[in-house]
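Residue-level structure breakdown
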Amino acid sequence: AQTVTQSQPEMSVQEAETVTLSCTYDTSESDYYLFWYKQPPSRQMILVIRQEAYKQQNATENRFSVNFQKAAKSFSLKISDSQLGDAAMYFCAYKDYGGSQGNLIFGKGTKLSVKP
Amino acid sequence: EPEVTQTPSHQVTQMGQEVILRCVPISNHLYFYWYRQILGQKVEFLVSFYNNEISEKSEIFDDQFSVERPDGSNFTLKIRSTKLEDSAMYFCASSVNTPWDEQFFGPGTRLTVL
């Protein structure tokens, strides 16, 4: 069964600095999706960035980028120029590409604090 | 911007009681999901729903759980006889057309079973 592990329960970053959140996963599949979701306090989860496993190029969305290492099964999120609004829980998630599996498999999350 | 909404935000119930958690998915979405997160644990998939039937369910989704789309807008999760271990945050999500599209999440319902 697929699993997702986030080894950092909490992280802290100074405003305007860069922070990297770690995620590792385990799967026997070769085709899959990986996601980072952000959940601000008392708000819904929103998608930050996604990566298709067949793409070698790392995904980038403005200040957010990933370091996808398929062989190592590692998928870290880098937030550049951190802003106060980046403070949230961040969840790494996995989804199979094929078959009927549509459900997301989540890690336990990393709580990111941003210091002014 | 369209959002998934959930009601109530917090539900307190006695063990053994039935609860219904409600969700309004984004209007043009066709796939619907329920997830739950027990405090301090991972968000876990419960069930997906498409074309008025369950598409997939996890081992958590036993006979005590059921889902329904009673009308064109609502999507509900019913727990027939709640247990203490059902206390969790329950998230509804929806996606446009296929399970591979982005899932949009609601804010969650916190269920407390006493």
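How each quantity is defined
Residues numbered from 1 in each chain as written. Chains lettered and ligands numbered in written order. Predicted model: local features only at pLDDT ≥ 70, side-chain atom pairs only at ≥ 80, totals over all residues. Heavy atoms only, no water. Helix = DSSP H or I, 4+ residues; strand = E, 2+ residues; numbered from the N terminus. Rg over C-alpha atoms; globule rule 2.2 N^0.38 Å. Contact = heavy atoms within 4.5 Å. Phe/Tyr/Trp six-rings, centres within 6.5 Å; stacked < 30°, edge-to-face > 60°. Buried < 20%, exposed > 50% of the residue type's maximum accessible area, 1.4 Å probe, protein only. Pairing = 2+ DSSP bridges. Disulfide = S-S within 2.5 Å. Salt bridge = Lys/Arg side-chain N within 4 Å of Asp/Glu carboxyl O. Buried area = accessible area lost by both parts, 1.4 Å probe. Polar contact = N/O pair within 3.5 Å; in protein donor to acceptor, adjacent residues only side chain to side chain.

Our focus in this paragraph is the overall build of chain B. Across its full length, chain B holds zero helices and 11 strands. Counting from the amino terminus, helix and strand elements in chain B follow one another as β-β-β-β-β-β-β-β-β-β-β. In terms of overall dimensions, chain B is globule-like: its C-alpha atoms have a radius of gyration of 13 Å, near the 13 Å expected for 114 residues. Its C-alpha atoms put chain B at 40 × 30 × 30 Å along the principal axes.

Bringing the side chain of T109 of chain B into the picture now. Counting through the fold element by element, T109 of chain B comes out in strand β11 (residues 109–113). Not counting residues up to four positions away in its chain, the partners in contact with T109 of chain B are Q6, T7, P8, S9, Q11, L21, A88, M89 and Y90 of chain B.

Attention now moves to the packing of aromatic side chains. The relative placement of two aromatic rings is captured by the distance of their centres and the angle of their planes. With the rule as written, the count across this model stands at 20 aromatic pairs over all chains. Relative to F106 of chain A, the ring of F91 of chain A has its centre 6.1 Å away and its plane inclined at 85 degrees; by these criteria the two rings are edge-to-face. Highlighted residues: F91 of chain A in strand β10 (residues 88–96) and F106 of chain A in strand β11 (residues 105–106), separated in sequence by 15 residues. You'll find F91 of chain A and F106 of chain A in the same group, each marked buried. Plain terms: the ring middles of Y35 of chain B and F105 of chain B are 5.4 Å apart, the flat faces sit at 45 degrees to each other, and that makes the pair tilted. With a gap of 70 residues between them, Y35 of chain B in strand β4 (residues 31–37) and F105 of chain B in strand β10 (residues 104–105) connect regions that are remote in the sequence. Neither Y35 of chain B nor F105 of chain B differs from the other in exposure class; each is buried. Following the ring pairs from residue to residue traces out a cluster consisting of Y33, F35, Y37, F91 and F106 of chain A together with Y33, Y35, F45 and F105 of chain B.

The next point concerns the environment of T13 of chain B. Residue and element names in this part refer to chain B. Within the secondary structure, T13 sits in strand β2 (residues 10–13). Take T13: its relative accessible area is 8%, and that puts it in the buried class. For the pair formed by T13 and E53, sequence separation is 40 residues and the distance between their alpha carbons is 28 Å.

Attention now moves to the pairing of strand β9 (residues 74–79) of chain A. Residue and element names in this part refer to chain A. Inspection of the sheet shows strand β3 (residues 19–21) paired to β9 by three bridges, in the antiparallel sense. Bridging from a neighbouring strand, T20 pairs with K78 of β9. Bridge count between strand β8 (residues 64–69) and β9: six bridges; the pairing is antiparallel. Bridge pairing in β9 links Q69 to S74.

One pass over the full model with this rule turns up two disulfides over all chains. The disulfide partner of C23 of chain A is C92 of chain A, and the gap between their sulfur atoms is 2.0 Å. Judged by the sign of its S-S torsion, about -70 degrees, the cystine formed by C23 of chain A and C92 of chain A is left-handed. Of the two residues, C23 of chain A is situated in the loop between β3 and β4 (24–26) and C92 of chain A in strand β10; the sequence distance between them amounts to 69 residues. For C23 of chain A, a relative accessible area of 2% gives the class buried. Assessed through its relative accessible area of 0%, C92 of chain A is described here as buried. Note that C23 of chain B is cross-linked by a disulfide to C92 of chain B, the S-S spacing being 1.9 Å.

Per the stated rule, a full pass over the model turns up five salt bridges over all chains. Residue D26 of chain A pairs with K73 of chain A through a salt bridge whose shortest N-O separation is 3.5 Å. Taken together, the residues D26 of chain A in strand β4 and K73 of chain A in the loop between β8 and β9 connect sequence positions 47 residues apart. We classify K73 of chain A as partly exposed; its relative accessible area is 25%. Linking R36 of chain B and E44 of chain B is a salt bridge whose minimum nitrogen-to-oxygen distance equals 3.4 Å. One salt-bridge network, in which partners are shared between bridges, spans R50, E52 and K55 of chain A.

Attention now moves to the interface of chain B and chain A. In this complex, chain B contributes 20 residues to the contact, which on the side of chain A involves 23 residues. Between chain B and chain A, a total of about 1900 Å² is buried, with carbon and sulfur atoms accounting for 52% of that surface. When residues of chain B are sorted by the area they lose upon contact with chain A, K42, W100 and F105 of chain B head the list and together hold 38% of the total. One can count zero salt bridges joining chain B with chain A. Applying the counting criterion to the chain B and chain A interface returns six residue pairs in polar contact (both at pLDDT 80 or more). Where the side of chain B that touches chain A is concerned, the elements lending two or more residues are β4 and β5 (43–50) of chain B.

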